[in-house]
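# Close look at the chain arrangement
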Amino acid sequence: MEQYIIKGGTPLVGEVQIGGAKNAALAILAAAIMTDETVTIDNLPDVNDINVLLEAISGIGAMVQRIDRHTVRINGSGIGDFSIEYDYIKKIRASYYLLGALLGKYNKAEVALPGGCNIGSRPIDQHLKGFKALGADVVIEHGKIIAEAEQLRGTHLYFDVVSVGATINVMMAAAMADGLTIMENVAKEPHVVDVANFLNSMGANIKGAGTDIIKIRGVKKLHKAEYSIIPDQIEAGTFMFAAAATKGDVTVMNVIPKHLEATTAKLVEIGCEVEEFDDAVRVVSKGRLNHTQVKTLPYPGFPTDMQPQIGVTLALCNGTSTITESIFENRFKYLDELARMGANIKIEGNSATIEGVEGFSGARVSAPDLRAGAALVIAGLAADGITIVDDIVYIQRGYERFEEKIRSLGGMIEKVASEKDIQKFQFKVG
Ligand code: EPZ
């Protein structure tokens, strides 16, 4: 099992290139099968979740051609199987985007019902409500969602919960329905907009993505496209908090600063200097930072996917901070690990009270999930001494060459797979 070993205490300094947004890419790859023509997608992050979804897509008969690490060509004309097995869903929940894509294109899809995951129970009732509103018969049998329609028809739909996944999944199906669909109370995340832009580049007619109401005029056919995925605002934000926690000076390159506003605002609030450029943001952290309050909310609120990274940073700030996690119920597990590094934290329900400490001391910790894992790496970089992070397979699901990027900023981190590797690292860093 691979681990990260980190010698902390060195401020991260320099420039780091941010890759394409994983969560946009997952939906865009699924949507790419909705035409029989060839689609080329660029700025794809080379991370495990993407590679598993590409396997699922070729598994149903689509042509998937990897042009290079960040570019893929997909042709969905050969699809002969409308069923996505539990193996894929278990590895990566977002395979459920193939439900909306297949249902939209073929009026039929079967996808294993995803269970909960490490961060929460994650129901998908809103997705199913949307498909039903479009006229599909949706049943759950033997662990599978089976959705079928003679012809999907436009509808007026109000989501009960603001959901990224439901907004995107139903938007895909509605893109090829008969007539006009109006979806209200939708998610406004940048990746929702990116998926809408991608579908429009294939000939769909979607308006309003990025606002509370999306209007979709169904089209009969979609066509070929070439598309470049937006930068990953969560990867960018992770490096911004890494700069803050290590008292560093990091410029995140190839980003859309507008997408980072909630993160930037909190960094400024706690005392960092943040400079915005056209496609870059620089974070400078000097001296002891200050406490604040954070509540996770749908975009443009503070993202749940950045909650562990700010949590680690606040644990090193002056005074008492509070975090309220209002999206997923299980996103505080990293705080127990952080306590092993000396953090002073009390959790009650979905709120955490964090009493800032002067510093962390390195320890062996486990990554409970993707973002929490990245946050524990930040903690290790800020800590005194050696930290070992176990279960980095979670981190590898969503961060491309994470350790290499950190090393390019002066961080001392290595991916190791044996006791010998650990000893070699310890010898090297002294
Ligand atoms: C997406 O998950 C992201 N995943 C998550 O990123 C992210 O944390 C989340 O959005 C919130 O921003 C992908 O894009 C692949 P939701 P998603 O549907 O779509 C409830 C990461 O680390 N809900 O917006 O599953 C749900 O329980 C990950 O990259 C329902 O009740 O999230 C939650 O409380 C992890 N019924 C809230 O809505 C539904 O049918 C928001 O979930 C759907 C959701």
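Scroll up for the structure.
What you see is a predicted model; the values in this text were computed from it and never measured.

When you go through the chain residue by residue, the secondary structure sums to 15 helices and 24 strands. For the chain, whose C-alpha radius of gyration is 22 Å, the value lies close to the compact-globule estimate of 22 Å for 430 residues. Considered along the principal axes of its C-alpha atoms, the chain spans approximately 65 × 45 × 40 Å. A sequence separation of at least 24 residues applies to 73% of the contacts in the chain between residues at least 6 apart. Accessible surface, the chain: about 16700 Å² in total, of which carbon and sulfur atoms supply 48%. If you average the places of the 43 positive and of the 53 negative side-chain charges in the chain, the two averages end up 1 Å apart.

Right, let's get into the environment of Gln-309. Here Gln-309 lies in helix α10 (residues 307-314). For Gln-309, a relative accessible area of 0% puts it in the buried group. With 126 residues separating them in the primary sequence, Gln-309 and Met-183 have C-alpha atoms 32 Å apart. Not counting the four nearest positions on each side in its chain, Gln-309 is found in contact with Ile-234, Thr-238, Phe-241, Arg-371, Ala-375, Ile-378 and Tyr-399. A polar side-chain atom of Gln-309 sits 3.0 Å from the main-chain carbonyl oxygen of Asp-305.

Nonpolar side chains tend toward joint burial in soluble globular proteins. Counting residues in each nonpolar core, the largest one holds 82 residues, and the members touching the most others are Leu-29, Ile-41 and Leu-199. Those residues within four positions of Leu-29 in sequence are excluded, and the remaining contacts are Ile-41, Leu-44, Ile-50, Leu-53, Leu-54, Ile-57, Val-72 and Ile-74. Leu-12, Val-255, Leu-314 and Phe-332 belong to the second-largest nonpolar core, a separate cluster that totals 65 residues.

Before going further, it helps to spend a moment on the site of the ligand. In the vicinity of the ligand there are 23 residues, among which Gln-126, Ser-163, Val-164, Asp-305 and Ile-327 approach most closely. At a separation of 3.4 Å, an oxygen atom of the ligand approaches a polar side-chain atom of Tyr-96. Within the backbone of Gln-126, an N or O atom sits 2.7 Å from an oxygen atom of the ligand. A total of 830 Å² of accessible area belongs to the ligand in isolation, and the protein chains cover 87% of it. Mapped onto the shell around the ligand, the elements with two or more residues apiece are α1 (22-31), α5 (125-133), α6 (164-175) and α12 (370-382). Per-class residue counts for the shell around the ligand are 11 nonpolar, 6 polar and 6 charged.

It is worth spelling out the sheet that holds strand β19 (residues 320-324) at this point. Taken together, the 4 strands give an open sheet; going across it, the order is β18-β19-β21-β20, and neighbouring strands pair in mixed fashion. Each edge of the open sheet is held by one strand with a lone partner, namely β18 (293-295) and β20 (344-348). Sheet twist, expressed as the mean angle between neighbouring strand axes with direction ignored, is 15°. Sheet topology places β18 next to β19; 3 bridges connect them, and they run parallel. Note on β19: the bridge partner recorded for Gln-293 is Thr-322.

Quick look at the sheet that holds strand β12 (residues 205-207) now. What the 4 strands build is an open sheet, ordered β10-β11-β13-β12; its pairing is mixed. Looking at which strands have only one partner, the edges of the open sheet turn out to be β10 (156-158) and β12. Taking each pair of neighbouring strands and ignoring which way they run, the sheet shows an average axis angle of 15°. When strand β11 (residues 180-184) meets strand β13 (residues 213-217), the two strands line up antiparallel, connected through 5 bridges. Note that in β13 the partner of Thr-181 across the bridge is Ile-216. Running at roughly 20° to β13, α6 makes contact with β10, β11, β12 and β13 of the sheet.

Within the fold, Thr-304 resides in the loop between β18 and α10. A distance of 3.1 Å separates a polar atom in the side chain of Thr-304 from a polar atom in the side chain of Glu-325. A polar contact is formed between the side chain of Thr-304 and the side chain of Arg-331, at a distance of 2.8 Å. If we ignore the near neighbours within four places in the chain, the residues touching Thr-304 are Thr-296, Glu-325, Ile-327, Phe-328 and Arg-331.

Note that Asn-330 resides in the loop between β19 and α11 (333-339). In this structure Asn-330 comes out as partly exposed when scored by relative accessible area, which is 33%. A sequence separation of 100 residues divides Asn-330 from Ile-230, and the C-alpha atoms of the two residues are 28 Å apart. Once residues within four sequence positions are removed from consideration, Asn-330 is found in contact with Asn-118, Ile-119 and Gly-120.

Regular strands place their side chains on alternate faces of the sheet. Bridging between strand β2 (residues 13-17) and strand β15 (residues 249-253) involves 5 bridges; their strand directions are parallel. Within the sheet, the bridge partner assigned to Val-13 lies in β15 and is Asp-249. With 5 bridges joining them, β15 and strand β17 (residues 280-284) adopt antiparallel strand pairing. Paired with Val-252 across the bridge in β17 is Val-281.

What counts and how
Every residue gets a number counted from 1 within its own chain, in the order that chain's sequence is written. Local features in this predicted model are restricted to residues of pLDDT 70 or higher, and side-chain atom pairs are both shown and tallied only at a pLDDT of 80 or more, whereas totals for entire chains, interfaces and linings draw on every residue. Each side-chain value is worked out from all heavy atoms of the structure, with water and hydrogens disregarded. Helix and strand definitions follow DSSP, with helices as H or I runs of at least four residues and strands as E runs of at least two, each counted in order from the N terminus. What the globule rule says is 2.2 Å times the number of residues to the power 0.38, and the radius of gyration is computed from C-alpha atoms. Working rule for contacts: check all heavy atoms of both residues, and any pair within 4.5 Å makes them a contact. Areas reported here follow the Shrake-Rupley algorithm with a probe of radius 1.4 Å; residue values treat only the protein chains shown as occluding. None of His or the chain ends enter the tally, which takes Lys and Arg as positive and Asp and Glu as negative. Lysine's charge is taken at NZ, arginine's at CZ, aspartate's at CG and glutamate's at CD. Buried residues are those whose accessible area, probed at 1.4 Å on protein chains only, stays under 20% of the maximum for their type, while exposed residues exceed 50% and partly exposed ones sit between those limits. The term polar contact refers here to a pair of N or O atoms within 3.5 Å; inside protein, the definition further demands a hydrogen-donor-capable atom paired with an acceptor-capable atom, and it admits residues adjacent in sequence only when both atoms are side-chain atoms. Note on terminology: a nonpolar core comprises buried Ala, Val, Leu, Ile, Met, Phe, Trp, Tyr and Cys residues joined through side-chain atoms within 4.5 Å. What makes a residue near a molecule or strand is one non-hydrogen atom of that residue sitting within 4 Å of it. Basically, the charged four are Asp, Glu, Lys and Arg, the nonpolar ten are Ala, Val, Leu, Ile, Met, Phe, Trp, Tyr, Cys and Pro, and anything else, Gly included, counts as polar. Two strands are counted as paired when DSSP detects at least two bridges linking them. For helices, the fitted line uses only the C-alpha atoms of the stretch in contact; every axis is such a line through C-alpha atoms, and the angle between N-to-C directions lies from 0 to 180 degrees.

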